[in-house]
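Residue-level structure breakdown
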Amino acid sequence: MKRISSLLYIIVGILSFTACVEFHTSDNGVLDGFWQLTQIDTLANGRSTDMRARKIFWAVQADLLRMEDQHSDFDKYHSIYFYFELKDNSLRVYHPVVDRREISDSIVTSVETVRFYGLNHLDETFKVLQLEETKMALENERLRMYFRKY
């Protein structure tokens, strides 16, 4: 009898613990990961710009996308977080928040803050031209952007 009650306590304890733990998993497929912006094509004039030296990265995990610039000339907005939706060959990024670790985070209210990352709007939808294990190409009304995955 003592053995059954001990076993019952152990089972109840395990079930109680697992009921409190919630895992947030990601179902973004190959989009999850760390992407470097390598090239931007301007659609209006057909010009291309090599962006590898600028060190602009997009990191995707769960339901957040972080845009980050690791170039030393750009310290005003180091990281910006977005919610995103990927469906039907389109990637929507919206609700940007600036990460200001030394102060506090703040909601972005000006498109100028995100224009550096190739966005024209605070709620932007890109056409997904390519999305593979190591390559991604996105296009909005002004730009075509190419990424490589790390």
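You'll find the structure just up there.
Quick caveat: nothing in here was measured; it's all calculated off a predicted structure. (Residues numbered from 1 in each chain as written. Predicted model: local features only at pLDDT ≥ 70, side-chain atom pairs only at ≥ 80, totals over all residues. Heavy atoms only, no water.)

1. What to know about the nonpolar core
Cut-off, in case you're wondering: Throughout, nonpolar core names a set of buried Ala, Val, Leu, Ile, Met, Phe, Trp, Tyr and Cys residues whose side chains join them through atoms within 4.5 Å. Only protein chains enter the accessibility calculation, which uses a 1.4 Å probe; a residue is then buried when its area is under 20% of its type maximum, exposed when over 50%, and partly exposed in between. Numbered from the N terminus, helices here are DSSP runs of H or I no shorter than four residues, and strands are runs of E no shorter than two. Should any heavy atoms of two residues lie within 4.5 Å, those residues are counted as being in contact.
One finds Trp58, Leu91, Val93 and Leu119 to be the most contacted residues of the largest nonpolar core, which totals 27 residues. Contributing elements (two or more residues each) for this core: strand 1 (33-42), strand 3 (56-61), strand 4 (64-69), strand 5 (79-87), strand 6 (90-99), strand 8 (124-131), strand 9 (135-139) and strand 10 (143-149). When sequence neighbours within four positions are dropped, the list of residues in contact with Leu91 reads Leu31, Trp58, Phe84, Glu85, Leu86, Glu124, Thr125, Phe126, Val128 and Leu138.

2. Examining the environment of Gly29
Mapped onto the elements, Gly29 comes out in the loop between helix 1 (2-20) and strand 1. Sequence-wise, Gly29 and Leu131 are 102 residues apart; in three dimensions their C-alpha atoms are separated by 9.7 Å.

3. Thoughts on the pattern of salt bridges
Close approach of charged atoms lets side chains of opposite charge pair. We apply this condition: A side-chain nitrogen of Lys or Arg and a carboxyl oxygen of Asp or Glu constitute a salt bridge if their distance falls within 4 Å.
For the structure on display, the rule yields 7 salt bridges. Residue Glu85 is joined to Arg92 by a salt bridge in which the shortest nitrogen-to-oxygen separation is 3.3 Å. Linked by salt bridges that have partners in common, Asp41, Glu139 and Arg144 make up one network.

4. Looking at the pairing of strand 5
The condition is simple: Paired strands, as defined in this entry, are two strands with at least two bridges between them according to DSSP.
Pairing analysis gives 5 bridges linking strand 4 to strand 5, with the strands arranged antiparallel. Looking across to strand 5, one finds that Arg66 is bridged to Tyr81.

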